Amino acid sequence: MKINPIFKVRKVAGENIILLQGKTNGDMTRVVAFNESALLMWDSLQGKDFTVEDAAAVLLDNYNVDEATAHADAAKWVETIRENGLLLPE
């Protein structure tokens, strides 16, 4: 999978966010906020083809967490960015 390069993280009022425009008149704009570890994975994996294991490796390399926790957190992060359409279609 790959992060869609059209999306850029912006810092607004101290928060790292991506604004997602609604598709039709009835849809509202959504905001995806990134905490420190989510932003680290985003920045580390931007422009690369990656797996959940690659995202977990970023956490393992930068935080004092066990492998199971890193994998669970990375899987949740991947699912969140997938649900919000931030990945390129496969």
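Thresholds applied
- Counting restarts for each chain, with residues numbered from 1 along the sequence as it is written.
- Totals for whole chains, interfaces and linings use all residues, but because this is a predicted model, local features are given only for residues with pLDDT of at least 70 and pairs of side-chain atoms are given and counted only at 80 or more.
- Only heavy atoms go into the side-chain values, all of them from the structure, while hydrogens and water stay out.
- Runs of H or I in DSSP of at least four residues are treated as helices and runs of E of at least two as strands, each being numbered from the N terminus.
- In a helix, the anticipated span is given by 1.5 Å times the number of residues less one.
- Buried, partly exposed and exposed residues are distinguished by accessible area as a fraction of the type maximum, computed with a 1.4 Å probe on protein chains only: under 20%, between the cut-offs, and over 50%, respectively.
- The arc in question is the one spanned by the directions pointing from the helix axis to the C-beta atoms.
- We call two residues in contact whenever any of their non-hydrogen atoms come within 4.5 Å of each other.
- Polar contacts, as counted here, are pairs of nitrogen or oxygen atoms within 3.5 Å of one another; within protein the pair requires one atom able to donate a hydrogen and one able to accept it, and residues that are adjacent in sequence qualify only if both atoms are side-chain atoms.
- Think of it this way: DSSP has to see at least two bridges between two strands before they count as a pair.
- Between N-to-C directions, angles cover 0 to 180 degrees, with each direction set by a line fitted to C-alpha atoms, over the stretch in contact for helices.

*Asks:* So what about helix 3 (residues 67–83)? Which residues, and what values?
*Replies:* Over its 17 residues, helix 3 extends 24 Å from the first C-alpha to the last, a length consistent with the 24 Å expected when each residue adds 1.5 Å. All buried positions along helix 3 are accounted for by Ala70, Ala74, Trp77, Val78 and Ile81. One side of helix 3 holds all its buried residues, which, seen down the axis, span an arc of 100 degrees. Exposed and facing more than 90 degrees away from the buried side of helix 3 are Ala68, Lys76 and Glu83. Contact partners of the buried residues in helix 3: strand 3 (30–34), helix 1 (36–45) and helix 2 (52–62). Looking at where helix 3 begins, the residue whose side-chain oxygen comes 3.1 Å from the main-chain nitrogen of Ala68 is Asp66.

*Asks:* Which residues make up the sheet that holds strand 2 (residues 15–20), and what values do they have?
*Replies:* Taking strand neighbours across the sheet as the criterion, the 3 strands line up as 1-2-3 in an open arrangement whose pairing is antiparallel. Two strands bound the open sheet, and with one partner strand each, they are strand 1 (10–12) and strand 3. Shown here is a sheet whose adjacent strand axes are inclined to one another by a mean of 50 degrees, direction ignored. With 5 bridges joining them, strand 2 and strand 3 adopt antiparallel strand pairing. Across the sheet, the residue bridging to Leu20 is Arg30, located in strand 3.

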